[in-house]
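Chain and residue survey
Residue strings, one per chain:
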Amino acid sequence: MVDRSGLQSMFAQDDEDIQVMKAGAMLRKVKSRSWKKQRHFRLQDDGQTIWYKSRWAGTGHSTFSVGDIEAVREGHQSEVLQSIAEEFPADLCFTLVFRGRRGNLDLVAESASDAQAWIRGIRKLVQNTESMDAKERLDQWIWDWFQKADKNKDGRMNFKEVRSLLKMMNVDMNEEYALRLFTRADKSESGCLEIEEFVQFYKMLTQREDVWNVFQNYSRDGQMLTLAELEEFLRQEQQKGEESQDHAHELIVRFEPSETGMDQCDGFQIYLVSSEGDIFDPQRLELHQDMSQPLSHYFICSSHNTYLMEDQLRGQSSQEAYIRALKRGCRCVEVDCWDGPNGEPVVYHGHTFTSKILFRDVITTLGEYAFKVSEFPVVLSLENHCSVEQQRVMAQLMDTILGDTLLRAPLNGLVPQVLPSPLDLKGKILLKAKKIGGLEESDTLNDEVTDEVTDEVSDEDEPKSPSAETLSAEDLGLGDKKSKLSRELSDLVVYCKSVHFYGFEYSCQHSKCYEMSSFSESKARKLAKEKGMEFVQHNSRHLSRVYPSGMRTDSSNYNPQELWNVGCQMVALNVQTAGLEMDLNDGLFHQNGCCGYVLKPDFMRNDSSFDPERPEEREGYKPLRLSIQVISGQQLPKLNQKEGSIVDPLVRVEIYGVSKDQAKQETSYIHNNGFNPLWNETLNFIIHVPELALVRFVVEDYDKASRNDFVGQFTVPFTCIQPGYRHIHLLSKDGTALPLSSLFVNIKISELTTETE
């Protein structure tokens, strides 16, 4: 039964802030100092949708969901609102921060009381939405559909409205069958469905025959799973082993009112769509890895040209880009510094038309947001193009703003033989840049020294060969300039000294553990292909950073998997660009508490014999068979809003890992059914290096005349997969959740023996 009182307003009717929002208010929508337009905003009766329009827009309007909002910032907490601070005081201003890559919404109220009502009200709504359990989310979803279908807003739904609803829900249903369901739900025989009758209609519509079949295989009476039967299901299908008995009891307590067993309609199905029934092992989501290993033993979530919101030539530079990267779990962010006016260094992509922001503002943002998501260290990768004078300003700003969070000297005053661990460096910001001399040397050098490395001005301006993908040094106007370093800036570099890479043999014999190199994607790929084993060995001792080709002016990305295969830690991506590459990155770093650090496999840390091109040669080689039965899909989003347009979904499973593991297989497509497509097709894979493999599930809308359209995806590390009957909760291209959209699969993992090959 749907709790209407909770859904229609989400809060008691006498909540003053919610009532102010429902009554509506004129708010200024601000895009820049010159673009400030008044709009009428109000909260709709469903308590979940915010509607707004211009007084001149006629019937045109816009809406967004409370569920799309991640946070509300109060006052001048955006660059846009800071730019109009003299015109509008802070107590009138607030910013709505949306999930994913959607831009923020900056607003100015007409009074401080209005601003406070909207700030408090939206925060209450967001908190309430985030605290919903699975049943409450389903109730909310049902209520939303009822509201959409009830065109004349009389609180009832006739059959014409039902037919329109089915199209909106991505269902192509025979009209005679739809009328039969409608009539069965219409208990009052009024020719219309009220909300409780609509709930019955929805339940009939969403009956899960696929789940029913699984339930029937283990329930003797077909109505209830006893504790013993549920235990047997967990042992046989979900691979829970010895913990099955305790786990069965826990599940019944959590998902079923009865203490004796689990009902099919509610308990069993709710369990399967919960985090317990998710493909991603919930224990792997928590911080569970050993964080006391040297930094070089971890993959580190890394961002390239972090300041950019868009492309590399004309895109906007913004503090917001750093906030987004850090909130995604990035632990390595990049700053490109150039001389600015009035002695203030600026950050932008040099020799382009990207906008400029102050270095001071970037460091302030870093200081505020560095450890909101993860307590483990942040590496600030500095591309230094500044004069010695402005380098001193940079050093002073970092020292003053970052305070004790900035690491200034080796831990315990000792020169390390191996890098310290993330645990040792919790809450610290490490500067990655060039350094005068090493940690072993005394500090008696002059204030201004010419760095001995004269063939590069910064990490990403390496000497180029004729076949290089990036622009030449001449094209960039760099020539043979030497880079001069200020002593103040150099002294802030401790464990991440940038050095030129002269080869693996030279590195092995001469490089210190705190010295690290950066590689263009093409150079790193070449080394990975030709000298994979040596690259793995190098990366067990030293940090490596890889960055995108300079030709990627559209901020596109390269496949990071190839570089993870050889143990590169900082595989820097343009995190502002959605797509396959960021799906892989998000999938890898979703584990271990989303802390931005993932421990590399043991054979990449301690074994010198691993070569990703010849995985069968490593000690302990045990390939696995991965069998995925793609059973069904649920409530896939509608891509084309035209009436009558319904998706023809197919599922493709993609494996990313070492070369031998790269594979793709897909199901057939289901014609005109995005609501509950049924495939029952099995896809089989051989995984040679499970510890490095990522499994990506992609749903597409089949189109025989053109390229298939993307519907949703989910990427999971192979080692985090829960075998058995599992749901995969799909994400949008932007990486945000698609409410109630999922795949139902049965996963089996087994050792590959001679008999099974």
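Worth saying up front: this structure is predicted, and the values here are computed from it rather than measured.

1. Here's the deal with the overall build of the protein
- Of regular secondary structure, the protein possesses 23 helices and 32 strands.
- Buried positions account for 54% of the 757 residues belonging to the protein.
- In the protein, 69% of the contacts between residues at least 6 apart in sequence involve partners at least 24 apart.
- Of the roughly 33,300 Å² that the protein leaves accessible, carbon and sulfur atoms contribute 47%.

2. So, the nonpolar core
- In terms of nonpolar packing, the biggest core is built from 66 residues, with Val335, Val347, Phe359, Leu380, Leu382, Met398 and Leu431 touching the most fellow members.
- When we break this core down by domain, the ones giving at least three residues each are domain 4 (295-439 + 485-604) and domain 5 (622-751).
- Every residue in contact with Met398, bar those within four places of it in the chain, is listed here: Phe359, Ile363, Leu380, Gly403, Leu406, Leu431, Leu489 and Leu492.
- Core analysis: the next-biggest nonpolar cluster, separate from the first, contains 31 residues, Ile628, Phe718, Ile728 and Val745 among them.

3. Overview of the UniProt feature "binding site: Ca(2+) 3" (unreviewed entry) in the protein
- In the numbering adopted here, UniProt assigns the feature "binding site: Ca(2+) 3" (unreviewed entry) to Asn305, Glu334, Asp336 and Glu383. Across 79 residues, the annotated set stays spatially compact, with a maximum C-alpha separation of 9.5 Å.
- Here Asn305 takes part through its backbone nitrogen, which lies 2.7 Å from a polar atom of the side chain of Glu334.
- Summarising the element assignment, Asp336 is placed in strand E13 (residues 332-338).
- Residue classification places Asp336 among the buried positions, given a relative accessible area of 6%.
- The residues touching Asp336, leaving out its near neighbours within four places in the chain, are Asn305, Tyr307, Val346, Val347, Tyr348, His349 and Glu383.
- A polar side-chain atom of Asp336 sits 2.7 Å from a polar atom in the side chain of Tyr307.

4. Details of helix H2 (residues 16-23)
- All of the buried residues in H2 are Asp17, Ile18, Met21 and Lys22. Projection of H2 onto a plane perpendicular to its axis shows the buried side chains occupying an angular sector of 140°, all on one side. Among the exposed residues of H2, those oriented more than 90 degrees off its buried face are Glu16 and Ala23.
- Once H2 ends, the next one or two residues include Gly24, with phi positive near 95°.

5. What to know about the pattern of salt bridges
- In the structure shown here, the tally under the stated rule is 38 salt bridges.
- Between Arg123 and Glu74 there is a salt bridge, with its nearest N and O atoms 3.5 Å apart. Residue Arg123 is found in helix H4 (residues 112-130), and its partner Glu74 is found in strand E5 (residues 69-74); the two are separated by 49 residues along the sequence.
- Arg123 sits in the partly exposed class, given a relative accessible area of 36%.
- Judged by relative accessible area, which is 33%, Glu74 ranks as partly exposed.
- A salt bridge links Lys660 to Glu616; the nearest nitrogen and oxygen atoms lie 3.1 Å apart.

What counts and what doesn't
- Residues numbered from 1 in each chain as written.
- Predicted model: local features only at pLDDT ≥ 70, side-chain atom pairs only at ≥ 80, totals over all residues.
- Heavy atoms only, no water.
- Helix = DSSP H or I, 4+ residues; strand = E, 2+ residues; numbered from the N terminus.
- Buried < 20%, exposed > 50% of the residue type's maximum accessible area, 1.4 Å probe, protein only.
- Contact = heavy atoms within 4.5 Å.
- Areas by Shrake-Rupley, 256 points an atom, 1.4 Å probe, with all protein chains shown as cover.
- Core = buried A, V, L, I, M, F, W, Y, C linked by side-chain atoms within 4.5 Å.
- Domains from an automatic or database assignment.
- UniProt positions renumbered as here; feature names shortened; annotations may be inferred.
- Polar contact = N/O pair within 3.5 Å; in protein donor to acceptor, adjacent residues only side chain to side chain.
- Arc of directions from axis to C-beta.
- Salt bridge = Lys/Arg side-chain N within 4 Å of Asp/Glu carboxyl O.

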